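# Architecture at a glance
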Amino acid sequence: MAALSLESRLNQAVEAHFAGDLARAEAGYRQVLLARPSCTIALKGLGIIEFLAGHKADAVGLFQRATEHDPNDAEAWGNLANAARATQSSEISFHAARRALALVPNEPMARVCEAAALMAWGYQAEAVAAMSAAAQAHPTRRDLLSMWLFYAGYDSALNEDDLRDAHGLFGRGFPVVARPPLPRQIRRIGLVSGDFKRHPVGRFVQPLFRRFDRGQFEFYAYGNEVDEDEVTREIRANATGYRDLTGLTDEEAAHQIRADQIDLLVDLSGHTAGNRLGVFALRPAPIQATYLGYSGTTGLPAIDFLIADSVTVPPGHEQLYHERIARMDRTLYCWPYPPPGEEGEREASETFIFGSTNNLAKISAATLDGWAAIINQVPHAELWIKAPTLDMA
């Protein structure tokens, strides 16, 4: 392949990529790399395509090659940080993010990856500071403010009233949209989530889609998943309707929800990854609520209720939320697994084992003090902690 035709092939691949023709772009990038393995543009382009296809480990390898060939390419370092974050390779992601930030200070994605790695390692205050820097450097980016709010909830040093006010600032960033007419009765219910997959949220809503009263209700699932799995497929099969919101703008998603004539629209993400709070701000349903995936307030005036119980929102704490509290005591969660003992009796032991299967960001010093106070009152007690980043220890 002559040098001129090589450049032409690269330009064609880039043009196809921008036009959304990923198959033609991939073929072009691969042809270029056969002739010039050091072409960073082709390595980055192919890495992005592999990432979008769900081949995240392959994407990490391609971005690593790009940084080796051009150590001063901030975009390549940022892409590597993001892909490594998606594969839970926190150490690679953190160092790549730091290299990107050294080249382009406050580059948004690199700052997000830096914060994510710090949070995964349990450095809550440092992660909150990193996300705060990103949000302040890019004040028009609502997604960065939303990420900061999510991280801030892990920092036990933050004042609850200040956290509520910060969520309100997020909500005030959206225009006010009139509420549609209220329905005579609630029949069509829509659930919106980026976690209809092997995730606690996906697992908790599986029983809802399996067992809802089809004579009285219709349940629609609005998924925002990049990666689908068997949980996604089951929910898709059991729902009255499944709509894929991935890639849709907020306006397009809201139009679809209005077309489905949803009476009650429920957010299952809050400020966690994959949320579509911007859709809720457009008021596509007459009654809107948040539930399950995020225990704090969303800050959105367009969300009417937060579904909780007296444990997640104790009486007397209602002022910390922008939504009205709708309590479902004793029935808040649908546990999809058999009760203990139905799958075989446990061997007798004097040891009582407490277990935590959470990421380290949720285990603050105050949490450990509380656990210690409990364990010290139980003879022969042990505490077992399982977290992905502990495998690095």
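Look a little higher up for the structure.
Figured I'd write up the structure that's included with this text.

On to the packing of aromatic side chains, then. One pass over the structure, following the stated rule, counts 10 aromatic pairs. The interplanar angle of 45 degrees and the centroid separation of 5.6 Å between the aromatic rings of F150 and Y151 together place this pair among those described as tilted. Using a relative accessible area of 9% as the deciding quantity, one classes Y151 as buried. Between the NZ or CZ atom of K56 and the centre of the ring of F51, over which it lies, the distance is 5.3 Å. The ring of F174 carries the charged tip of R142 above its face, separated from the ring centre by 4.0 Å.

Looking now at the packing of helix 5 (residues 74-86) against helix 6 (residues 90-103). Two measures define how a pair of helices packs: the angle their axes make with one another and the distance between the axes. Running from N to C, helix 5 and helix 6 cross one another at 155 degrees; their axes reach a closest spacing of 8 Å. Classified by the angle their axes make, helix 5 and helix 6 are roughly antiparallel. As for how helix 5 packs across helix 6, the hand of that crossing is left-handed. Only I92, S93, A96, A97, R99, A100 and L103 of helix 6 make contact with helix 5, whose side of the interface consists of A74, W77, G78, L80, A81, A84 and R85.

Applying the stated criterion across every chain yields a total of 21 salt bridges. Between E7 and R36 there is a salt bridge, and its shortest N-O distance comes to 2.9 Å. You can see E7 sitting in helix 1 (residues 3-19) and its partner R36 sitting in the loop between helix 2 (22-35) and helix 3 (40-52), a full 29 residues away along the chain. Two residues, E75 and K44, come together in a salt bridge whose shortest N-O distance is 2.7 Å. Placement of the pair is E75 in helix 5 and K44 in helix 3, with a sequence separation of 31 residues. Classification of E75 as partly exposed rests on a relative accessible area of 48%.

Here we come to the layout of surface pockets. Estimates place the volume of the second largest pocket at around 350 Å³. Considering the residues around the second largest pocket, the lining is formed by 15 residues, among which I189, L208, F219, Y291 and M328 are closest to the centre. Within the residue set of the lining of the second largest pocket, elements represented by two or more residues are strand 1 (188-193), helix 11 (200-211) and strand 4 (264-267). Considered class by class, the residues forming the lining of the second largest pocket number 14 nonpolar, one polar and no charged.

On to helix 11. Of all the positions in helix 11, only V201, G202, F204, V205, Q206, P207 and F209 are classed as buried. On its buried face, helix 11 is in contact with strand 1, strand 2 (218-223) and helix 12 (230-238).

Pairing in this open sheet of seven strands is parallel, and the strands run 3-2-1-4-5-6-7 from one edge to the other. Edge strands, defined here as strands with exactly one partner in the open sheet, are strand 3 (241-244) and strand 7 (324-327). When the angles between neighbouring strand axes are averaged without regard to direction, this sheet yields 25 degrees. Of the strand pairs in this sheet, strand 1 and strand 2 are connected by six bridges, and their pairing is parallel. Residue L191 lies in a different strand from strand 2, and its bridge partner there is A221.

Turning to the side chain of S146, a few remarks are in order. Structurally, S146 is set in helix 9 (residues 142-152). Apart from residues no more than four positions distant in its own chain, S146 is found in contact with F170, H271 and N275.

Attention now goes to a negative patch on the surface. Taken together, the side chains of E160, D161, D162 and D165 present a region of like negative charge at the surface. By the element assignment, D165 lies in helix 10 (residues 160-171).

So, on to the nonpolar core. In this structure, M131, W148, Y151, Y222, I262, L265 and L300 are the most contacted members of the largest nonpolar core, which totals 41 residues. Counting residues per element, the ones that place at least two in this core are helix 7 (108-120), helix 8 (124-137), helix 9, helix 10, strand 2, helix 13 (250-259) and helix 14 (277-281). Apart from residues lying up to four places away in sequence, L300 is in contact with F170, G171, F174, L277, F280 and A281. Membership of the second largest hydrophobic core comes to 23 residues, among which are F209, I235, V266 and L292.

Okay, the pairing of strand 3 next. Two elements, strand 2 and strand 3, share four bridges in a ladder whose sense is parallel. Residue pairing in the sheet places Y220 in a bridge with G241 of strand 3. The parallel pair strand 2 and strand 3 is bridged by helix 12, and the resulting crossover is right-handed.

Here we come to helix 13. Residues of helix 13 that are buried include every one of A253, A254 and I257, and no others. Buried positions in helix 13, seen along its axis, are confined to an arc of 100 degrees and lie on one side of it. For helix 13, the exposed residues set more than 90 degrees away from the buried face come down to E251, H255 and A259. Close packing links the buried residues of helix 13 with strand 2, strand 4 and helix 14. Of the residues one or two after helix 13, Q261 is the one with positive phi, at around 55 degrees.

Bringing the pairing of strand 1 into the picture now. With five of six residues buried, strand 1 lies mostly within the body of the structure. As a crossover connection, the stretch from strand 1 through helix 11 into strand 2 is right-handed. Bridge count for strand 1 against strand 4 is four bridges, and the pairing is parallel. Residue L191 lies in a different strand from strand 4, and its bridge partner there is V266.

Before going further, it helps to examine the side chain of D229. Structurally, the position occupied by D229 is in the loop between strand 2 and helix 12. Within the local environment of D229, its side chain forms a polar contact with the backbone nitrogen of R198, the two atoms lying 2.7 Å apart. Apart from residues lying up to four places away in sequence, D229 is in contact with F196, K197 and R198.

How each quantity is defined
- Here the residue numbers are simple positions, counted from 1 along each chain's written sequence.
- Predicted model: local features are reported for residues with pLDDT of at least 70 only, side-chain atom pairs are reported and counted for 80 or more only, and whole-chain, interface and lining totals are derived from all residues.
- Excluded from the side-chain calculation are hydrogens and water; included are all heavy atoms of the structure.
- Classification of ring pairs uses Phe, Tyr and Trp, with its six-membered ring standing for Trp, and accepts pairs whose centres are within 6.5 Å; under 30 degrees between planes counts as stacked, over 60 as edge-to-face, and the remaining range as tilted.
- The cut-offs for exposure are 20% and 50% of the maximum accessible area for each residue type, with area from a 1.4 Å probe on protein chains only; residues under the lower value are buried, those over the upper are exposed, and the others partly exposed.
- Both a distance and an angle decide whether a charge sits over a ring: NZ of Lys or CZ of Arg must be within 6 Å of the ring centre and within 35 degrees of the ring normal.
- Axis angles are defined between N-to-C directions and span 0 to 180 degrees, where every axis is a line fitted to C-alpha atoms and, for a helix, only to the segment in contact.
- For the purposes of this entry, the term helix denotes a DSSP run of H or I that reaches at least four residues, the term strand denotes a run of E that reaches at least two, and both are numbered from the N terminus.
- Under this scheme an angle from 65 to 115 degrees is roughly perpendicular, one under 35 degrees roughly parallel, and one over 145 degrees roughly antiparallel; angles in between are oblique.
- The crossing is said to be left-handed when, going from far helix to near helix, the turn is anticlockwise and less than a right angle, and right-handed when the turn is clockwise.
- Note on contacts: a residue pair qualifies if any of its non-hydrogen atoms lie within 4.5 Å across the two residues.
- Within this document, salt bridges are pairs made up of a side-chain nitrogen of Lys or Arg and a carboxyl oxygen of Asp or Glu, the two lying within 4 Å of each other.
- Whether a set of points on the 1 Å grid over the protein atoms alone is a cavity depends on a 1.4 Å probe fitting there but being unable to get out, while an open set qualifies as a pocket with protein on both sides within 12 Å along at least five of seven lines; lining residues are those with an atom within 4 Å of a point.
- Grid points are joined across faces, edges and corners, and a volume is the space filled by probe spheres set on the points.
- Three residue categories are used. Nonpolar comprises Ala, Val, Leu, Ile, Met, Phe, Trp, Tyr, Cys and Pro, charged comprises Asp, Glu, Lys and Arg, and polar comprises the others, including Gly.
- In this analysis, strands are considered paired if DSSP registers two or more bridges between them.
- Patch membership requires over 30% relative accessible area and the absence of a salt bridge. Like charges are linked within 9 Å, and nonpolar side chains (Val, Leu, Ile, Met, Phe, Trp, Tyr) within 5 Å.
- Note on areas: Shrake-Rupley with a 1.4 Å probe; residue coverage comes only from the protein chains shown.
- Positive: Lys, Arg. Negative: Asp, Glu. His and the chain ends are not part of the count.
- Think of each charge as sitting on NZ of Lys, CZ of Arg, CG of Asp or CD of Glu.
- In these notes, a set of buried Ala, Val, Leu, Ile, Met, Phe, Trp, Tyr and Cys residues joined through side-chain atoms within 4.5 Å is what counts as a nonpolar core.
- Look down the strands so they point away from you; if going from the first strand over the helix to the second traces a clockwise path, that crossover is right-handed.
- The arc under discussion is defined with respect to the helix axis, by the directions toward the C-beta atoms.
- We call two N or O atoms a polar contact when they sit within 3.5 Å, provided that within protein one can donate a hydrogen and the other can accept it, with sequence-adjacent residues counted only if both atoms are side-chain atoms.

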